[in-house]
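Spelled out, the chains give:
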Number of protein chains: 2
Amino acid sequence: MSTYKLTYFNFPALGEPIRFLLSYGGVEFEDNRIEWSNWHQIKGTTPLGQVPILEVDGQVFYQTIPICRFLGSKFNLLGDNEMENYQIDNVVQTITDLRMKIEMVNFDKFSPPNVIEEKRAQLKSESIPFFLKNLEDIASKNDGFLAVKKLSWGDLYFAAMIDYMNWMMKGNLLEDFENLKKVYGNVMEIDGIKSYVEKRPKPQMG
Amino acid sequence: MSTYKLTYFNFPALGEPIRFLLSYGGVEFEDNRIEWSNWHQIKGTTPLGQVPILEVDGQVFYQTIPICRFLGSKFNLLGDNEMENYQIDNVVQTITDLRMKIEMVNFDKFSPPNVIEEKRAQLKSESIPFFLKNLEDIASKNDGFLAVKKLSWGDLYFAAMIDYMNWMMKGNLLEDFENLKKVYGNVMEIDGIKSYVEKRPKPQMG
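The shown structure was predicted, so the numbers you read here are calculated from the model rather than taken from an experiment.

**What about the pairing of strand β4 (residues 59–62) of chain A?**
Residue and element names in this part refer to chain A.
Phase 1: As paired elements, strand β3 (residues 53–56) and β4 share four bridges and run antiparallel to each other. The residue of β4 that forms the bridge with glutamate 55 is valine 60.
Phase 2: Connecting β3 to the antiparallel partner β4 that follows it, the hairpin turn spans two residues, and aspartate 57 within it adopts a positive phi of roughly 50 degrees.

See the structure below:
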């Protein structure tokens, strides 16, 4: 029986797809939620000065997407062949591209408020609908999943990231995307995810 | 016999790891190098308004890293198990993180010149050596490769990206990293890569 310890801040963001995957897999994990005030002490002990890190039997894994793919393989959430895995990798990368576009505006500390407001408006009217339309079309061909017509680690990654992007954009990004709502719903109805979500600590995201 | 068509600009950057992989695989590919002046016409025909795109027997693949992993599987450059694949994915993600940090400074069109110079200096003295030290330590344990003690698609991705990052930083980032020089050398000595590099068009990177 492997032991799992996830180290991340006390909010969803990049830690959450890993928490979702571990919860889906039905494994016990230590959900080590660090405080901002301790981060400067912990930062130097991580391989790249970044969290999340996942320790599996003491071995350190870092980099969110590689960790998620690795857990996906452990819990039978990969595709059946390399073409199917490409399809999963592709949607995960598209979600990541969108997430980073939003982060660059949301965490922009240098631009004046009116510039940030312009950028947020551009995200809302252009980038977000454009990227989500790409994913919506894919989901419409995959019976309520994002790839290969069945649940994959890409769906869990998506659902966790949508919550984070909704928080950054202060709204519901999926409002106009019926198939993506199905993807999200399919993930959130999984027993392991449901019970994790019910008991997770209240996030401290400000 | 599959047909391959890669569409990208006439410079290395994100197209180059794909060209390296196709060259390594020894397959013929149409190296469709588009001109900047035509980009506005082509952009709308791509799935995400982005290149590179790779067409394999007419089927469109997009997103650089998923494409590279897919070609890696086609040409036997994956790991032997999911832990080994994690190790490859991990270094590829670390290279990507560094590449994006450099791009954000190199293509910053908004900051005044003195701020950009400060950021370039910070890259040179902090981020670049920090990220490359992580990879150097990994390479030192893997006999001149970046993972699993043998050639993987991660090494080809690394060598192509180093050229791009060197160009952005106007220098040789590997100067102080003996093991990473070995990784780079091991890739550039591969027959297929060598003959591609000899015959590739002169890049138009300004």
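**A few points about the domain arrangement of chain A**
Residue and element names in this part refer to chain A.
Phase 1: By domain assignment, chain A separates into domain 1 (4–75 + 191–199) and domain 2 (82–188).
Phase 2: When each unit is reduced to the centre of its C-alpha atoms, the spacing between domain 1 and domain 2 is 21 Å.
Phase 3: Across the contact, 15 residues belong to domain 1 and 14 residues belong to domain 2.
Phase 4: Taken over both partners, the interface formed by domain 1 and domain 2 buries close to 1,300 Å², and the fraction arising from carbon and sulfur atoms is 81%.
Phase 5: The largest contributions to the domain 1 side of the interface with domain 2 come from Phe20, Ile65 and Arg69, which together make up 36% of the buried area.
Phase 6: Our count for the domain 1 to domain 2 interface comes out at one salt bridge.
Phase 7: For arginine 69, the salt bridge identified is with aspartate 89, shortest N-O distance 3.0 Å.
Phase 8: Counting the contacts that link domain 1 with domain 2 gives one residue pair in polar contact (both at pLDDT 80 or more).
Phase 9: Counting residues per element, the ones that place at least two in the side of domain 1 that touches domain 2 are α1 (16–25), α3 (64–74) and α8 (191–199).

**A look at the interface of chain A and chain B**
Phase 1: Contact with chain A, which involves 28 residues of that partner, is made by 28 residues of chain B.
Phase 2: For the pair chain A and chain B, the two sides together bury roughly 2,600 Å², of which 59% comes from carbon and sulfur.
Phase 3: Connecting chain A to chain B are two salt bridges.
Phase 4: For the pair chain A and chain B, the interface holds twelve residue pairs in polar contact (both at pLDDT 80 or more).
Phase 5: Ranked by residue count, the leading element in the side of chain A that touches chain B is helix α4 (residues 82–106) of chain A, at ten residues.
Phase 6: A per-class count over the side of chain A that touches chain B returns 15 nonpolar, nine polar and four charged.

Here is what the cut-offs are and how they apply
Once a new chain begins, its residue numbering starts again from 1 and follows that chain's sequence as written. By the order in which they are written, chains take letters starting at A while ligands take numbers starting at 1. In keeping with the model being predicted, local features are shown solely for residues with a pLDDT of at least 70 and side-chain atom pairs are shown and tallied solely at 80 or more, while totals for entire chains, interfaces and linings include all residues. Excluding hydrogens and water, the side-chain figures rest on all heavy atoms present in the structure. Here the rule is simple: two strands pair whenever DSSP picks up at least two bridges between them. Secondary structure elements follow DSSP: runs of H or I of four or more residues count as helices, runs of E of two or more count as strands, with numbering from the N terminus. Either an automatic procedure or a domain database provided the assignment from which the domain bounds are taken. Contact definition: two residues touch when any of their heavy atoms are within 4.5 Å. Using a 1.4 Å probe, buried area is obtained as the accessible area two parts lose upon being combined, added over both of them. Any Lys or Arg side-chain nitrogen located within 4 Å of an Asp or Glu carboxyl oxygen qualifies as a salt bridge. Polar contact is defined as a pair of N or O atoms within 3.5 Å, subject to the rule that within protein one atom must be able to donate a hydrogen and the other to accept it, and that residues adjacent in sequence are counted only when both atoms are side-chain atoms. When residues are sorted by character, Ala, Val, Leu, Ile, Met, Phe, Trp, Tyr, Cys and Pro go into the nonpolar class, Asp, Glu, Lys and Arg into the charged class, and all the rest, Gly among them, into the polar class.

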